[in-house]
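Coordinate analysis (summary)
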Amino acid sequence: MAAELRGVYLDHVTSASVVNLRTAPAALWAARSWRATAHALVGLPLGVVSFSLTGGLPIGAAYCAGWSLLYAAPDAWPMTAMFLLLTVVSPLPALWSVRGLTALQRRRFRMLLGVDIPPLPRPGDQSPPLPGDAPPPRPGNPLPPRPSDLLPPRSRDLLPPRVGDALPTRPGDVLPGRAVRAARAAGTWRQIAYHVLALFIGVAGGALTAAFWTVGIGLGLVVPMRLLGLWADEGWLPATAPAGVLAVAALLAAPWVARGVARTDTAVARALLGPSRNEQLTLRVESLARSRADVVAATDAERRRIERDLHDGAQQRLVSLAMNLGMARAGLADAPAPAREAIAAAHDEAVQALAELREFVRGLHPAVLDDRGLDAALSGIVARAPLPVRLTVAVPERCPPVIEAIAYFVVSEALTNIAKHASATRAEVTVGRTADRLRIVITDNGRGGATIGGRGGGVGGGSEGGGGTGLRGLAQRAASVDGTFALHSPVGGPTTITVELPCAR
Amino acid sequence: MRTVIAEDSVLLRAGLTRLLDDGGFDVVEAVSDADQLLRAVEEHRPDVALVDVRMPPTYTDEGIRAALVIRQQFPAVAVVVLSQYVEERYATDLLSVRTTGVGYLLKDRVAHVTEFLDALRRVAAGGTALDPEVVAQLIVRHRPDPLERLTPRESEVLRLMAEGRSNNGIVDALRVSHSAVEKYISSIFTKLELPAAESDHRRVLAVLKFLRT
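Residues numbered from 1 in each chain as written. Chains lettered and ligands numbered in written order. Predicted model: local features only at pLDDT ≥ 70, side-chain atom pairs only at ≥ 80, totals over all residues. Heavy atoms only, no water.

Looking at the overall build of chain B
On a plain count of helices and strands, chain B comes out with 10 helices and 6 strands. Buried residues in chain B amount to 59% of all 213 residues. For chain B, the share of sequence-separated contacts (at least 6 apart) that also reach a separation of at least 24 residues comes to 65%. In the form shown here, chain B has an accessible surface area of approximately 8200 Å², with 50% of it arising from carbon and sulfur atoms. (Helix = DSSP H or I, 4+ residues; strand = E, 2+ residues; numbered from the N terminus. Buried < 20%, exposed > 50% of the residue type's maximum accessible area, 1.4 Å probe, protein only. Contact = heavy atoms within 4.5 Å. Areas by Shrake-Rupley, 256 points an atom, 1.4 Å probe, with all protein chains shown as cover.)

Structure follows, in C-alpha cells:
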C-alpha cells in the first residue's frame with residue numbers, strides 16, 4: 001500500500017523543466033501542453049457546475065432568504081418561507097452530489113493530465129485472516145470434545161478500526177441518513193471546498209489559458225494577413241511590429257500558462273480531494289499495524305511448525321535410538337567390558353540428548369498451550385524452574401493464540417532470567433485478566449538492580465554481563481502486539497516485572 | 001500379558017513392539033491412531049494399552065482422550081500413556097476417573113528398558129506409574145504451601161510415592177533402611193494431614209488423591 005501511495009504521488013506535472021528559450025517552441029506541439037489546455041478549458045464549465053451544486057445553491061438560497069426577511073413586504077411571507085425552506089434543504093443535494101462531483105473531477109485529472117488524485121480511504125477491502133491464528137479444524141473426530149472446543153470462537157483482530165469506516169453504504173440507505181453521514185465523514189468538507197474553489201480556478205485558469213492562445217493564434221494569423229493586404233484594418237489592433245512581438249510572446253507563453261494552471265489545479269485538488277496528511281498517516285499506521293500483526297502471526301506459526309517437525313522427526317528417532325541402546329545395554333550383560341562401557345556411554349548420551357531436545361522443543365511452543373490454554377501450559381515451566389515458584393492463573397476466557405504464545409514466552413524467559421541472575425530463593429507468577437488486557441506479574445526475592453538494556457543482566461540481575469538481552473527480548477515481544485512491559489528492580493530487590501498484553505475477544 | 005500399542009510413528013511402533021515382545025509381553029495389535037485403538041481395545045480386551053498422546057488427525061491430545069474413553073468404558077484395561085512432554089493437566093484428567101491401573105510417562109523412559117517394563121507390569125496389575133516430571137508439576141500446582149514444610153528428603157519420598165513406588169521401591173531408590181522410609185512416610189502423612197494408611201498401595205492412592213484435589 002505504501003509503494004502504491006508513493007507511486008501516485010510522483011508528480012509528472014511539477015516535474016516540468018524550467019523554460020528554456022531554445023526548447024520553448026517545442027512546448028507548442030508537446031502533447032502535455034495541449035492536454036493541460038484541454039484540462040483548463042474543461043475545468044471552466046465543470047467549475048461552474050461544481051460551484052452551483054455545492055456552494056451556489058445554498059448561498060443563493062440563503063441570500064434570497066436574507067433579502068426576503070429584511071426587505072420583502074409582510075404579505076409576501078409564502079415567498080420568504082419558501083426561501084427559508086430552500087436554505088435548509090439546498091445543502092442536502094450538495095452533500096449528496098459531492099461524491100459524484102469528486103469522481104468527475106478525478107476523472108478529468110486522470111484523463112486529461114494523467115494525474116491520479118489518491119482516493120480517500122473507503123471501507124470495504126478485507127484483509128486475509130492471520131496465519132496460525134486458529135487451531136486446525138478437527139474433521140470427523142469421534143472422540144469426546146475437549147473443554148477448549150466449547151470456548152467461543154477466538155478473536156483474530158488485534159488491529160485498530162479501519163479509517164473511513166464512518167461512511168458505510170448500507171443497503172436500503174435513505175437519502176437524509178446518507179447525507180448526514182456524508183456531512184460527518186472526514187473529507188466531505190474539504191471536497192466541498194474544492195468544488196467551490198473550482199469555480200474560481202476554472203474561470204480564471206480557463207480564461208487565462210484561452211486568452212493566451214487566442215492572442216497568440218489570432219494575432220499570429222492577423223499579422224501575415226495584414227502584410228499580404230488581406231486584412232481590412234479597423235484600427236483597433238496594434239501596429240504590425242508590436243502585434244508580431246505580442247503574438248510570438250503569447251504563443252510561446254501559452255503552453256506554460258496552461259501547464260501552470262494545471263499545476264495549480266492539481267496541487268489544490270491533491271490537497272482537498274486526496275487524503276489529508278492525517279488520513280495518509282492513519283492509512284500508513286493501519287498498513288504497518290496489519291503487516292506487523294502478520295509478522296507476529298508468521299513467527300508464531302513458524303515456531304509451531306518447527307516444534308511439530310522436531311516432535312515428529314528428531315525426537316522420535318532419538319527415542320528409538322535410546323530405546324535400542326537401552327535394549328542392547330540390558331541384553332549384552334555378558335559382552336566384553338569395553339563394548340559394554342561403550343554401549344552404556346552411548347545410551348547415557350542419547351538419554352541426555354533427548355532430555356535437552358525436549359527442554360528446547362517445549363520452550364518453542366508447547367502443544368498443551370493450544371489445547372488446554374495458558375494455565376495448563378505454565379505448570380510445566382513452573383515445575384521445571386530450579387527454584388520454588390508460586391503460580392496463580394485466573395483467566396476465565398482465553399486470549400487469541402498469538403497472545404497466549406507471547407505470555408508463555410514471557411513467563412518462560414523471565415523464570416530463566418531469575419534462575420540465572422537474580423540469586424533468588426523463590427518467585428511468584430500471577431496471570432490475570434482485566435477487561436481486555438492480560439496482565440502478567442513476575443516477582444522474585446533476589447538482589448534486584450536489573451535493567452532492560454546495557455549491562456543489567458536478567459531479572460534481579462547484577463552487573464555480571466548477560467547483556468540484558470533476555471529482558472529486552474521480553475519487552476520487544478510484548479511491544480510487538482502493543483503490549484506494555486514494566487520493570488521495577490531496586491538494588492537489593494525485590495524485582496517485579498509487569499507485562500500487559502491486549503486480549504480483546 | 002496381552003498388550004495393544006497405539007503409536008503413529010512407524011519407527012517407534014516397531015521398536016516398542018520389539019521391546020515388549022522381548023520383555024515377555026504379548027503384543028496383540030499395534031495401531032497408528034485413536035480410532036483404531038478404541039476398536040482394537042474393544043476387540044481384544046488387552047491387559048494393558050500403551051498409548052501415544054499426539055496422534056492423527058490433529059496431533060494434539062488424541063491419546064489422552066482415547067485413554068479416558070478406555071478408562072471409562074473398559075475398566076479392566078490398564079492404560080499407560082506415553083508422550084514427549086508430560087503435562088499436569090493431562091495427568092489430572094487421567095487420574096480423574098480412577099487412580100488405579102494408569103500410567104503417564106515421558107517417552108524418554110522407554111530407554112531405561114527394565115524400569116519401563118516394570119512400570120508397565122505395575123500398571124497392568126492395577127498400580128500406578130507417574131513420571132517424576134508429572135509429579136513435580138502436580139506438586140507445584142496443587143499444594144505449594146504445605147510442601148514447604150517438608151524436608152528435602154521427605155519431598156523426595158513423596159515424589160517416589162506419587163510415582164507409584166511401594167515402600168520397597170523407595171528403599172531401593174534411596175538406598176536407605178526400611179525403617180527410615182517408614183519414618184519419612186509417617187512424617188509426610190502427619191504434615192499433610194492425611195489419614196494413616198496401612199498398605200503400600202493405599203498410601204500411594206492417598207498421595208495421588210491429595211495431589212489432584
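Now, onward.
Concerning the overall build of chain A
The helix and strand inventory of chain A stands at 14 helices and 5 strands. Counting all 505 residues of chain A, 44% fall into the buried class. Of all intrachain contacts in chain A linking residues separated by at least 6 positions in sequence, the fraction that spans at least 24 positions is 72%. When the accessible surface of chain A is summed, it comes to about 25500 Å², and 67% of that surface belongs to carbon and sulfur atoms.

A word on the UniProt feature "transmembrane region" (unreviewed entry) in chain A
All names here are of chain A. When the UniProt feature table is mapped onto this chain, "transmembrane region" (unreviewed entry) is found at residues 41–70, 76–98, 192–215 and 235–258. The span residues 41–70 is 100% helix and 0% strand, and its two end C-alpha atoms sit 40 Å from each other. Helix makes up 100% of residues 192–215 and strand 0%, with an end-to-end C-alpha separation of 34 Å. (UniProt positions renumbered as here; feature names shortened; annotations may be inferred.)

Considering the sheet that holds strand β4 (residues 484–488) of chain A
Residue and element names in this part refer to chain A. Judged by pairing direction, the sheet is mixed, and its 5 strands sit side by side in the order β1-β2-β3-β5-β4 without closing on themselves. Since the sheet does not close on itself, it has two edges, and those belong to β1 (389–394) and β4, each with one partner. Adjacent strand axes in the sheet meet at a mean angle of 10 degrees, parallel and antiparallel pairs treated alike. Examined bridge by bridge, strand β2 (residues 427–434) and strand β3 (residues 437–444) share 8 bridges and lie antiparallel to one another. (Pairing = 2+ DSSP bridges. Axes fitted to C-alpha atoms, helices over the stretch in contact; angles between N-to-C directions.)

Side note on a nonpolar patch on the surface
All names here are of chain A. Side chains of Y63, W67, L69, L70, Y71, M79 and L84 sit close together on the surface and give an oily, nonpolar patch of about 830 Å² of accessible area. Elements supplying a minimum of two residues to the nonpolar patch: α3 (31–71) and α4 (77–89). With 5 residues, the top contributor of residues to the nonpolar patch is α3. In this fold, W67 is placed in helix α3. (Patch = residues over 30% accessible without salt bridge, like charges linked within 9 Å, V, L, I, M, F, W, Y side chains within 5 Å. Salt bridge = Lys/Arg side-chain N within 4 Å of Asp/Glu carboxyl O.)

With respect to the environment of R99(A)
Residue and element names in this part refer to chain A. Inspection of the secondary structure puts R99 in helix α5 (residues 91–113). For R99, a relative accessible area of 31% translates into the label partly exposed. R99 sits 89 residues away from T188 along the chain, and the two C-alpha atoms are 8.3 Å apart.

Observations concerning the pattern of salt bridges
A full pass over the atoms with the stated rule returns 32 salt bridges over all chains. Between R362(A) and E87(B) there is a salt bridge, with its nearest N and O atoms 2.6 Å apart. Of this pair, R362(A) sits in helix α10 (residues 337–364) while E87(B) sits in the loop between β4 (78–83) and α4 (88–97), which puts the two residues in different chains. For R362(A), a relative accessible area of 3% puts it in the buried group. E87(B) gets classed as buried once you look at its relative accessible area, which sits at 2%. Its salt-bridge partner being R109(B), residue D131(B) comes within 2.6 Å of it at the nearest N-O pair. Taken together, the positions of D131(B) in the loop between β6 (128–130) and α6 (132–142) and R109(B) in the loop between β5 (102–106) and α5 (113–124) put the pair 22 residues apart, joining distant regions of the chain. A relative accessible area of 0% places D131(B) in the buried class. Looking at R109(B), the relative accessible area reads 26%, which means it is partly exposed. Connected through shared salt-bridge partners, R358(A), E359(A), R384(A), D108(B) and E133(B) make up one network.

Topic: the UniProt feature "modified residue: 4-aspartylphosphate" (unreviewed entry) in chain B
All names here are of chain B. The UniProt feature table records "modified residue: 4-aspartylphosphate" (unreviewed entry) at D52. Looking at where D52 falls in the secondary structure, it is placed in strand β3 (residues 48–52). Those residues in contact with D52 that lie beyond four places of it in its chain are A6, E7, D8, G63, L82 and K107.

Examining helix α2 (residues 34–44) of chain B
Residue and element names in this part refer to chain B. Among all positions of α2, only A34, L37, L38, A40, V41 and H44 are buried. Angularly, the buried residues of α2 cover 165 degrees about the axis, an arc narrow enough to put them on a single face. In α2, the exposed positions angled more than 90 degrees off the buried face are occupied by R39 and E43. Buried positions along α2 lie against β1 (2–6), β2 (26–31), β3 and α3 (62–73). Where α2 begins, the capping side chain belongs to D33, and its oxygen is found 3.0 Å from the backbone nitrogen of D35. (Arc of directions from axis to C-beta. Polar contact = N/O pair within 3.5 Å; in protein donor to acceptor, adjacent residues only side chain to side chain.)

With respect to the sheet that holds β4(B)
All names here are of chain B. Taken in spatial order, the 6 strands make up an open sheet running β2-β1-β3-β4-β5-β6, and their pairing is parallel. Among the strands making up the open sheet, the edge pair consists of β2 and β6. Going across the sheet, the axis of each strand differs from the next one's by a mean of 20 degrees, ignoring polarity. For β1 and β2, the ladder comprises 5 bridges, and the chain directions are parallel.

What to know about the packing of helix α7 (residues 152–163) of chain B against helix α9 (residues 178–191) of chain B
To describe two helices that pack against each other, one gives the angle between their axes and the distance between the axes. Residue and element names in this part refer to chain B. Interaxial distance between α7 and α9 falls to 10 Å at its minimum, and their mutual angle equals 90 degrees. One finds that α7 runs roughly perpendicular with respect to α9. Across from R153, E154, V157, L158 and M161 in α7, the residues of α9 making contact are Y184, I185, S187, I188, F189 and K191. Its residues assigned to classes, the contact of α7 with α9 shows 7 nonpolar, 1 polar and 3 charged. (Parallel < 35°, antiparallel > 145°, perpendicular 65-115°, else oblique. Nonpolar A, V, L, I, M, F, W, Y, C, P; charged D, E, K, R; others polar.)

A few points about the side chain of T266(A)
Tracing the backbone through its elements, the reader meets T266(A) in helix α8 (residues 240–273). T266(A) gets classed as buried once you look at its relative accessible area, which sits at 1%.

A look at the state of the cysteines
All names here are of chain A. Scanning the entire structure with this criterion turns up 1 disulfide over all chains. Residue C399 pairs covalently with C503 via a disulfide, S to S 1.8 Å. Taking the torsion about the sulfur-sulfur bond, which here is approximately -100 degrees, the covalent link between C399 and C503 counts as left-handed. Linking C399 in the loop between β1 and α13 (401–422) with C503 in the segment after β5 (495–502), this pair joins segments that are 104 residues apart in sequence. Across this residue pair, the class does not change: C399 and C503 are buried. (Disulfide = S-S within 2.5 Å.)

Concerning the interface of chain B and chain A
Contacts between the two partners involve 44 residues from chain B, matched on the other side by 42 residues from chain A. Interface area, chain B with chain A, both sides summed: about 4000 Å², of which 55% is carbon and sulfur. Between the two partners, chain B and chain A, sit 8 salt bridges. Of the charged contacts, one joins E133(B) and R358(A) as a salt bridge, the two residues approaching to 3.3 Å between their closest N and O atoms. Across the chain B-chain A interface, the total number found is 16 residue pairs in polar contact (both at pLDDT 80 or more). Within the residue set of the side of chain B that touches chain A, elements represented by two or more residues are α1 (10–22), α2, α3, α4 and α6 of chain B. Top contributing element to the side of chain B that touches chain A by residue count: α1(B), with 7 residues. (Buried area = accessible area lost by both parts, 1.4 Å probe.)

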